[in-house]
Structures are given as structure tokens and as C-alpha cells.
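Below are the chains, spelled out letter by letter.
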Amino acid sequence: MGDPGSLVTEGGAGERSWCLRRVGMNAEWLLLEDGNEVTVGRGFGVTYQLVSKICPLMISRNHCILKQNAEGQWTIMDNKSLNGVWLNRERLEPLKVYSIHKGDHIQLGVPLENKENAEYEYEVTEEDWERIYPCLSPKSDQMMEKNKGLRTKRKYNLDELEGSGAEGPSNLKSKISKLSCELGQPVKSHGKGEVASPPPEYLDTKLTSFEPSGKTTGAHVNPGPAKVIELHRKKKKASNPSASQSNLELFKITMSRILMLKTQMQEKQVAVLNVKKQTKKGSSKKIVKMERELQDLQSQLCAEQAQQQARVDQLEKTIQEEQQHLQGLEKEEGEEDLKQQLAQALQEYRTLMEELNRSKKNFEAIIQAKDKELEQTKEEKEKVQAQKEEVLSHMNDVLENELQCIICSEYFVEAVTLNCAHSFCSYCINEWMKRKVECPICRKDIKSKTRSLVLDNCISKMVDNLNSEVKERRVVLIRERK
């Protein structure tokens, strides 16, 4: 969570604001600003970016949208999220707007395995601004600005380093020469050719930003690259420290020797001028000797200056090599960032594939259960069919053995029962009685006939369950006998 100074400060003292309070936490609350649409997701461009540390793909890129309706009531809409939005433990339909009220429970995503609650659960509340402000979550645009500021600062430092080293030897020399003139140049006296010696404080051997000038002696002293040294110090950590350190130490030693020789030469010049002034016609040998010593000092100074120039060239070459090395490091760092992004994308892909594999296993388990259930249903159906066929077969046996007329060998048609308790078709027994008035089975005299409606109804219902051929034959038989 960012510091409160980076958050919105639109609320005033005593005002109350709506927000989504993170359940069980006094941080990462989501402010619902009046008149503004609030979007929540793990992608860029949303108001609040939620990136799950446990399951990165639990929250969709644009998971849900909260906004006020025309009456000022806050509403929530599931923006086709993968794992859904839950309001008071009920999942919302995608792209459908639901009103939310104070005290409502909002859940983003689903609980993971062995977890009772989801990672992101909120409660709709209205609190004083002083209570909400310390607990608010930073908006995604504020986080991006903060990260962008850090990147810009880092880039500025690198550009400043490169710009300092890219000025070239001439610019460096001119700048160092300007500094040395201001700090360490000997000053001509307004007397009779006398030259004042430089103050002792300018003879410091650290030599970070100063270098002697040779106007007094007529010999040109090459400017020492003070800014080169500073740039070298900045880049020393990114390059080979031993080579740079040795070059810098040699440069310091040479500069101290040059300053020492220059001081001696200036003192010798002052001594020569003083001798010339005191003895205009004196010993010329002493003057010649001093002038020779002065020339020796000048030659030594020239030699030291040549060595110093070689050191400067070596330093410039080393700095160029270090610049190239630094550019290579920046390129490698960019490649490392790209590798990290690719690794993160690969991790997200693997997580997604694992979720898909888990979903596939769940679907396979469901399909296997359904197949098993279908097989059981099929077996039960076959068993019922077998039982039905068995019942029909038994019914056919009963019809053929018990409910057939012995005269016509057909199922009873308008069955009648005689006084001897034997049953026949009404038509068949009437035709029989034209020849004999006795029972065809037991040969008893026929004294009475009784219509048996029970047999007729039973036969009709049993025939209805038989095949169509039997039904048609019975219909034709009944029609013929009428």
C-alpha cells in the first residue's frame, strides 16, 4: 500500500464517503468517488489494479465496474470475468447491473482449494473521510506515475554520465583550463617584471579541479582533465576499478610534480630578476648559471607536461572503453528485463495451463459419472423391458390357456357362463345349442346362461397391451359376429 500522501485527498474533514472495505484488513480499501466510474482488475487502465500473489489469473484484466445510477445509487456489474463476482454469496450474471447497499458483501473470484474464503472480499460501507483515508489503496495511475518517476530518475543519471563523457577532450580541456585560471594561475606583479609565487594552498596534491598555467614562463601547460576525473569516479564502479585507479594515481603524481617544478621555476625567475636588479653590472656568471638552471627547470617542466598529456590521452581512452562497457551493461540490463517479462508471461501461461488441466480433469470426472449413470439407467431400462416382456408372455399364456373359448379357440367375445360354471363366447354357445343343449365340456344340461362382464373387461385390457396384429384380428372377429 502506498503512503497516504500519494492518494486522493478530495474528502474534507467531517465528510462521509462510500468505499469497499477489505474484509479482515485495515488496508487496500477501494474508494468510491461520487460521479466517477470505478473499474477493478489486474490489467492496465483500471482504477484499482489487483494482482493476486497466490493465483495471478484469479482476477480478470477488467473484472468488474462500479458506478452510480441516475438516482445516485452505487451499482456493480460483472464485466465477463472468468471467476465471477459474488454479491451476498450469490454470483452475478455478466453484464447485468446490480444495486449495492451499505453492509453488502462483495467477493471477487472464488476460494482456492483448502480455503474457506476468497482472497478479495469486501464490505460496502460509508465512513468518515478521516477513518477511510489512511486505509485507502493507491490507484493504478498513481502507482504508474511513481514507477515512471523512478525510471526517469535512473535514466537521467545515466544520460548525465554519458553526456559528461561524450564532450570530448577539447571541451574537457577548455573547461578545466577555465577552472584552473580561476583557482591556480600565478599572478603577474605590477612591479618591474617581478612574478609572485602562487599561494601554498594551491599546491594540494589532491588536484581534483585545478591545473597550472604556463604564461609566466612562456611554456604551454596542458590542462588537466578535472571533469574527466570526476566522470572517471562516477564510472569506476561499472568498469575495471584497478586500471582506472592506477591511471588516476599516476595522474595525481604527475600533476604534483608539475606544480612543484613550476613553483621552483617561478622562484628561480624571481631570484634571477632580483639579481639583475641588484647587480646591473655584477657577476654575469651567476646570472648565466641561474638562467641555465631556469632552462633546466623549464625543460623538466616540458617533459612532465608531455608525460601528463600522455596520461590524459590514456585516461580519455580508458573513459571511452568504460562508456562502451556501460552501454553494454545497459543493453544486458534491458535484455534481463525482457527475460523477466518473458519468464513472467511463461509463468502465467503455465498457471493457465494448470487451471485448464484441472478443469479438464473435473470435466472428465463429470463425464465419467454421467456415463456411469447412463449405463446404470440403461441396465435398469433393459431389466424393466425384460420384466415387461416376461409379464406379457405370462399374460399370453393366461389368455391362451384360461381365457380362450373351447369352441372357436379365440379369446372370449361377449363371454357367458353356464350353470355348470364353464364359460364360452355368446355366439359360439348359441350356435352349439342349436345342435345340443348340453355343455361342450362336462355334458351337463344347459339350464341357464349368465353374461360375464368381468371376463370381457379383463380380456379387453389385456389385449390392449398385445401387438397390433392381435388387436386387429379381435376387432374383425367382433365385427363379423355382430
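In the nomenclature of an unreviewed UniProt entry, the protein is known as E3 ubiquitin-protein ligase CHFR of Muntiacus reevesi. For the protein, the Subcellular location (unreviewed entry) comment in UniProt is given as "Nucleus". Taken from UniProt, the Sequence similarities (unreviewed entry) comment for the protein reads in full: "Belongs to the CHFR family."

S.K.: Please give an account of the environment of G103 that cites residues and values.
M.R.: Within the fold, G103 resides in the loop between β9 (97-99) and β10 (105-108). Residue classification places G103 among the partly exposed residues on the basis of a relative accessible area of 42%. For the pair G103 and L20, spaced 83 residues apart in sequence, the C-alpha to C-alpha distance is 9.8 Å. In this view, G103 contacts E123 and V124; residues no more than four positions away in its chain are not counted.

S.K.: How would you sum up the packing of aromatic side chains? Please name residues and give values.
M.R.: Per the stated rule, a full pass over the model turns up 1 aromatic pair. With centroids separated by 5.7 Å and ring planes inclined at 35°, the aromatic side chains of W129 and Y133 adopt a geometry described as tilted.

S.K.: Could you give an account of the nonpolar core, naming the residues involved and the relevant values?
M.R.: Inside soluble globular proteins, nonpolar side chains tend to come together where they are buried. Of all hydrophobic cores here, the largest spans 30 residues; its most connected members are L20, V40, L66, I100, I106 and L108. Apart from the residues lying within four places of it in its own chain, the contact partners of L66 are L20, L32, N36, E37, V38, V40, W74, T75, I76 and I100. In this structure, F412, C420, L466 and L477 belong to the second largest nonpolar core, which totals 24 residues.

S.K.: Which residues make up the pattern of salt bridges, and what values go with them?
M.R.: Under the defined criterion, the tally for this structure stands at 8 salt bridges. With a shortest N-O distance of 2.4 Å, E28 and R22 are connected by a salt bridge. Judged by relative accessible area, which is 29%, E28 ranks as partly exposed. Judged by relative accessible area, R22 falls into the buried class, the value being 7%. With a closest N to O distance of 3.3 Å, K434 and E431 form a salt bridge. Classification of K434 by relative accessible area gives exposed; the value is 63%. Relative accessible area serves as the criterion here: at 32%, E431 is assigned to the partly exposed category.

Conventions and cut-offs
- Residues numbered from 1 in each chain as written.
- Predicted model: local features only at pLDDT ≥ 70, side-chain atom pairs only at ≥ 80, totals over all residues.
- Heavy atoms only, no water.
- UniProt positions renumbered as here; feature names shortened; annotations may be inferred.
- Helix = DSSP H or I, 4+ residues; strand = E, 2+ residues; numbered from the N terminus.
- Buried < 20%, exposed > 50% of the residue type's maximum accessible area, 1.4 Å probe, protein only.
- Contact = heavy atoms within 4.5 Å.
- Phe/Tyr/Trp six-rings, centres within 6.5 Å; stacked < 30°, edge-to-face > 60°.
- Core = buried A, V, L, I, M, F, W, Y, C linked by side-chain atoms within 4.5 Å.
- Salt bridge = Lys/Arg side-chain N within 4 Å of Asp/Glu carboxyl O.

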